[in-house]
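The chain contents come next:
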Amino acid sequence: MDVIEILIGVVLPYVTLVILIAGLFYKIRKWQKGGVANLAVYPATSSKWELWKKILGETLLFSTFRKEHQVLWSQTWVFHAMLLLIIMGHSRLLTDWPLRVLMGMSAESVDTLSSWAGGIAGILAMLTCIFLILRRLSVQRVREASTGEDYLVMMLLLLILITGNIMRFYTHFDITEARTYFATLLTFQSVQVPSDPMFLLHLFLVQLLLIILPFGKLLHIPGVFYSKALVAKDF
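Scope of this entry: the structure provided in the associated data block. Each chain carries its own residue numbering, running from 1 in the written order of its sequence. The predicted origin of the model limits local features to residues at a pLDDT of at least 70 and limits the giving and counting of side-chain atom pairs to 80 or more, whereas totals for whole chains, interfaces and linings rest on all residues. Computation of side-chain values covers all heavy atoms of the structure but excludes hydrogens and water.

Closest axis-to-axis distance for the helix H1 (residues 3-33)/helix H10 (residues 197-212) pair is 9 Å, and the angle between their directions is 20°. Here H10 runs roughly parallel to H1, going by the angle between their axes. In this structure, H1 crosses over H10, and the sense of that crossing is left-handed. Facing H1, whose interface residues are Glu5, Ile8, Gly9, Leu12, Pro13, Thr16, Ile19 and Leu20, H10 presents Leu200, Leu203, Phe204, Gln207, Leu210 and Ile211. Here the nonpolar group is Ala, Val, Leu, Ile, Met, Phe, Trp, Tyr, Cys and Pro; Asp, Glu, Lys and Arg are the charged ones; every other residue, Gly included, is treated as polar. Broken down by class, the residue content of the contact of H1 with H10 amounts to ten nonpolar, three polar and one charged. For helices, the fitted line uses only the C-alpha atoms of the stretch in contact; every axis is such a line through C-alpha atoms, and the angle between N-to-C directions lies from 0 to 180 degrees. Every helix listed is a DSSP run of H or I at least four residues long, and every strand listed is a run of E at least two residues long, numbered separately from the N terminus. If an angle is under 35 degrees, it is roughly parallel; if it is over 145, roughly antiparallel; if it lies from 65 to 115, roughly perpendicular; otherwise it is oblique. Helix crossings get a hand from a simple test, with the near helix turned counterclockwise from the far one by less than a right angle marking a left-handed crossing and a clockwise turn marking a right-handed one. Every residue pair with non-hydrogen atoms within 4.5 Å of one another is taken to be in contact.

The residue Ile21 is located in helix H1 in this model. Burial status follows relative accessibility: with a 1.4 Å probe on protein chains alone, a residue under 20% of its type maximum counts as buried, one over 50% as exposed, and anything between as partly exposed. A relative accessible area of 40% places Ile21 in the partly exposed class. Spatially, the C-alpha atom of Ile21 lies 8.6 Å from that of Pro214, the residues being 193 residues apart in sequence.

Attention now goes to the nonpolar core. Ranked by size, the top nonpolar core spans 21 residues in total, and within it Phe79, Cys129, Leu157 and Leu161 carry the most contacts. The dominant element in this core, judged by the number of residues it contributes, is helix H8 (residues 148-171), at seven residues. When near neighbours in sequence (up to four residues on either side) are disregarded, Cys129 contacts Phe79, Met154, Leu157, Leu158 and Leu161. Throughout, nonpolar core names a set of buried Ala, Val, Leu, Ile, Met, Phe, Trp, Tyr and Cys residues whose side chains join them through atoms within 4.5 Å. Core analysis: the second largest hydrophobic core is formed by 13 residues, Met167, Tyr181, Phe182 and Val191 among them.

Residue count minus one, scaled by 1.5 Å, sets the expected span of a helix. For helix H6 (residues 107-138), which comprises 32 residues, the first-to-last C-alpha distance of 46 Å matches the rise-based estimate of 46 Å (1.5 Å per residue) to within 8%. Looking only at H6, the buried set comprises Val110, Gly119, Ala121, Gly122, Ala125, Met126, Thr128, Cys129, Leu132 and Ile133.

Shown next, in the form of structure tokens:
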């Protein structure tokens, strides 16, 4: 292995994991210590179920945003939904157990599902990501409210999606090779890093995103369960 393969495929994964875990603990601790103003984001509810239904509606469906901006909501929701589907699909790098055992699918069926669902999700996520970047650049009020972090995160996501789609549709990266790599990486054994340049670039970009994840706006979904769940309490 050359120096780049060692740095990206052997050293950086463990550095990324340490920073990600430490950053998440720091962020959660900060949320827990944060003060909550005497302000109800949601009206007082008669039951915890009603409260959690509203919180889940905001988290999974962006309910308030949908009422205010229908067209933009559709693009944003598709983008987040496709990202979630892609993340779930990447679990195949470790195991097919949920699909093959819980759903009784054959290996061929899993491969077919991954090919179609993963391909569609990758294309839709890339297109909606491009739309959101162009909107951020073209709409004055959005451009004025945007920060360097916003552009960095969006460009990182776009490059991750582009490199992932290239591996899926053009270079046809061997998932078996990736599985072997991640399996040995998790057991802290000597690993053979895939030499595909596109895989290395994709892996580097993902790790860079994970490193900055706990320290920026990208970690907004878990924060909902702290901010709105607390703020919505009856005082």
